Amino acid sequence: MAKNAVKIILFSIFLAFFSSCDISPTYSRKNIESVIANICKKEFNLDVRVWAIGDTVWIYIPLEDMIAKDNQLDKSVLEKLRLINLSLERTILSMDKPPKFYSFVVSDIKNGIDVYSVGFIPDMIKARIDLISRNDLAERGVFLVFNNAKALGDTQGEHVIKYDMSIGEFISYLIKQDLEKKFAAADLKDYVKVNEIRTKYYKGKMEIDFDIMIKKYKEKLPYPFDEAFAITKKLFSAYGYPPDITEITIRDVFNKKSRSYTRTALMAEK
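Our subject in this report is the structure included herewith.

Basis of the calculations
Residues numbered from 1 in each chain as written. Predicted model: local features only at pLDDT ≥ 70, side-chain atom pairs only at ≥ 80, totals over all residues. Heavy atoms only, no water. Pairing = 2+ DSSP bridges. Helix = DSSP H or I, 4+ residues; strand = E, 2+ residues; numbered from the N terminus. Expected span 1.5 Å × (residues − 1). Buried < 20%, exposed > 50% of the residue type's maximum accessible area, 1.4 Å probe, protein only. Axes fitted to C-alpha atoms, helices over the stretch in contact; angles between N-to-C directions.

**Regarding the pairing of strand β9 (residues 257-262)**
Across six bridges, the pairing between strand β8 (residues 247-252) and β9 is antiparallel. Across the sheet, Arg 251 pairs through a bridge with Ser 258, a residue of β9. Hairpin connection between β8 and β9: a loop of four residues separates the two successive antiparallel strands, and Lys 256 in this loop has a positive phi of roughly 50°.

**Brief notes about helix α6 (residues 167-183)**
The end-to-end C-alpha distance of α6 is 25 Å, a good match for the 24 Å that 17 residues give at a rise of 1.5 Å each. With twelve of 17 residues buried, α6 is to be regarded as a mostly interior element. Looking at α6, one finds that the buried residues are Ile 167, Gly 168, Glu 169, Phe 170, Ile 171, Ser 172, Leu 174, Ile 175, Gln 177, Asp 178, Leu 179 and Phe 183.

**Here's the deal with the sheet that holds strand β3 (residues 101-108)**
Think of a sheet as strands paired side by side through backbone hydrogen bonds, with each pair either parallel or antiparallel. Taken together, the five strands give an open sheet; going across it, the order is β1-β2-β3-β4-β5, and neighbouring strands pair in mixed fashion. Each end of this open sheet is capped by a strand with a single partner; those strands are β1 (49-53) and β5 (142-147). Across the sheet, the mean angle separating the axes of adjacent strands is 15° when strand polarity is ignored. Looking at chain direction, strand β4 (residues 113-120) and β5 are connected through six bridges and run antiparallel. If you follow Ser 117 over to β5, its bridge partner there is Phe 143.

Written out as structure tokens, the structure reads:
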């Protein structure tokens, strides 16, 4: 208990560090676009585009031949992206009043592939002072890979839609990602079939819809609705039950079960 109290105090001090007028940060938030672009050019010889939209920073990196022969991301590309990500993390955390979200978009402009890495910057701060583990930080990041013909030849990031992200949208992505991970596990492939998982957030309302078919039963087979609720509850709790999210609806299409919760009701549910 004492250790946790110390961590909470340290976290408060760390947050105060970024907002204090008496301590000069390494970088200024108002220069975030040029700072990140210059670091990528100087350290990695990469020409990137950066946009600061409200409390979200968008970083676009065009590359070629990101996919190896085994249809996985090339290891050399992964290592380069890891180093870039660490550099950008240091930069953002050394700013006065850093943004809340980052969206790191890497596009294979030769083969038409987009890779999105989206994160909540206060989670970075928590990981820095061991309020959460690095594994927790990784699980709280959104990672998307998909084919996109609009990426072909786009060195400027024109095909990427840039906007100010909300905590509701971010949590909805994490819920979808966790559900996909849970039911796409190798040990469940003979028992369940994921037809569709969709999440949506708009004006305070979150909808979680999934069609996960049970092909055959086995002992301790996870029940989709229960898993969806547990994941939703866990993530809402991790982010302090954001007051902007007022209503949450979970729909299990296959089992024809639907339930809606207010924020208060979700907090009270066990």
